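Each chain, letter by letter, is given below.
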Amino acid sequence: MSEILTAAVAALNDKMGGAGFDGSAKFQIEGEGAIVIDGSGAHVSDDDADVTLSASAETFQAILEGEENPTAAFMTGKLTVDGDMGMAMKLAGVLA
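Along each chain, residue indices are assigned from 1 in the same order as the chain's sequence is written. Local features in a predicted model are, by the rule used here, given only for residues with pLDDT of at least 70; side-chain atom pairs are given and counted only at 80 or more, and totals for whole chains, interfaces and linings are based on all residues. Side-chain measures here rest on the full set of heavy atoms in the structure, leaving out hydrogens and waters.

A few points about the pairing of strand β2 (residues 33–38)
Note on exposure labels: buried denotes an accessible area under 20% of the residue type's maximum, exposed denotes more than 50%, and partly exposed covers the range between, all computed with a 1.4 Å probe on protein chains only. Put simply, DSSP marks the helices as runs of H or I at least four residues long and the strands as runs of E at least two long, and each gets a number from the N terminus on. Counted residue by residue, β2 has five buried out of six residues, so it is predominantly covered. At least two bridges found by DSSP between two strands are what make those strands a pair. As judged from the five bridges shared by strand β1 (residues 25–29) and β2, these two strands associate in the antiparallel manner. When the bridges of β2 are listed, Q28 appears paired with A34. Between β1 and β2, which pair antiparallel one after the other, the connecting turn spans three residues, and G31 there sits at a positive phi close to 75 degrees. With four bridges joining them, β2 and strand β3 (residues 41–44) adopt antiparallel strand pairing. Residue pairing in the sheet places I35 in a bridge with V44 of β3. Where β2 folds back onto β3 in an antiparallel hairpin, the turn is made up of two residues.

Notes on the side chain of S56
With respect to the helices and strands, S56 occurs in the loop between β4 (51–55) and α2 (57–64). For S56, a relative accessible area of 16% puts it in the buried group. Residues adjacent in sequence count toward polar contacts only when both atoms are side-chain atoms; beyond that, a polar contact is any pair of N or O atoms within 3.5 Å, and within protein one must be able to donate a hydrogen and the other to accept it. Within the structure, S56 has its side chain in polar contact with the side chain of T59 (distance 3.1 Å). The contact partners of S56, leaving out residues within four places of it in the chain, are I29, E30 and K78. Whether two residues touch is decided by their heavy atoms; if any such pair falls within 4.5 Å, the residues are in contact.

Looking at the confidence of the model for the protein
Predictor confidence is given residue by residue as pLDDT, running from a minimum of 0 to a maximum of 100. In the predicted model, the protein carries a mean pLDDT of 89, and 94% of its residues have values of at least 70. When mean pLDDT is taken per element in the protein, β4 scores highest with 96 and helix α4 (residues 85–95) scores lowest with 82.

Description of a nonpolar patch on the surface
Together, F74, M75, M85 and M89 give the surface a local cluster of nonpolar side chains, amounting to about 430 Å² of exposed area. Only α3 (70–75) and α4 provide two or more residues apiece to the nonpolar patch. Note that M85 resides in helix α4. Each patch is built from salt-bridge-free residues with over 30% relative accessible area, joining like charges within 9 Å and nonpolar side chains (Val, Leu, Ile, Met, Phe, Trp, Tyr) within 5 Å. All accessible areas in this document rest on Shrake-Rupley with a 1.4 Å probe, and a residue is counted as covered only by the protein chains that are shown. A carboxyl oxygen of Asp or Glu within 4 Å of a side-chain nitrogen of Lys or Arg is what we treat as a salt bridge.

Quick word on the environment of D82
If you trace the backbone, D82 turns up in strand β5 (residues 79–83). Put simply, D82 and N13 are 69 residues apart on the chain and 22 Å apart in space, counted from C-alpha to C-alpha. Dropping the residues within four chain positions of it, D82 is found in contact with D50, V51 and T52.

Have a look at this one:
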């Protein structure tokens, strides 16, 4: 597992404060792999999810660090969303 994925899983679990997520979302990080967030928290996985968000490692890191607004990243094409847009919005609320 790459250092980027390991750090991202830790950051996502910190942001969620140990709470699970009602649904499932996958972050597909270009050239690195995938992270799934579900009822058990964030973990490295390529399982199917309700929504898949894809971005470069740089964009994903900027979103996690609060330097990039996820909505702005989506609107400018840096972040793509495939699947349940409502679930993506719910995820944004959990991670804010």
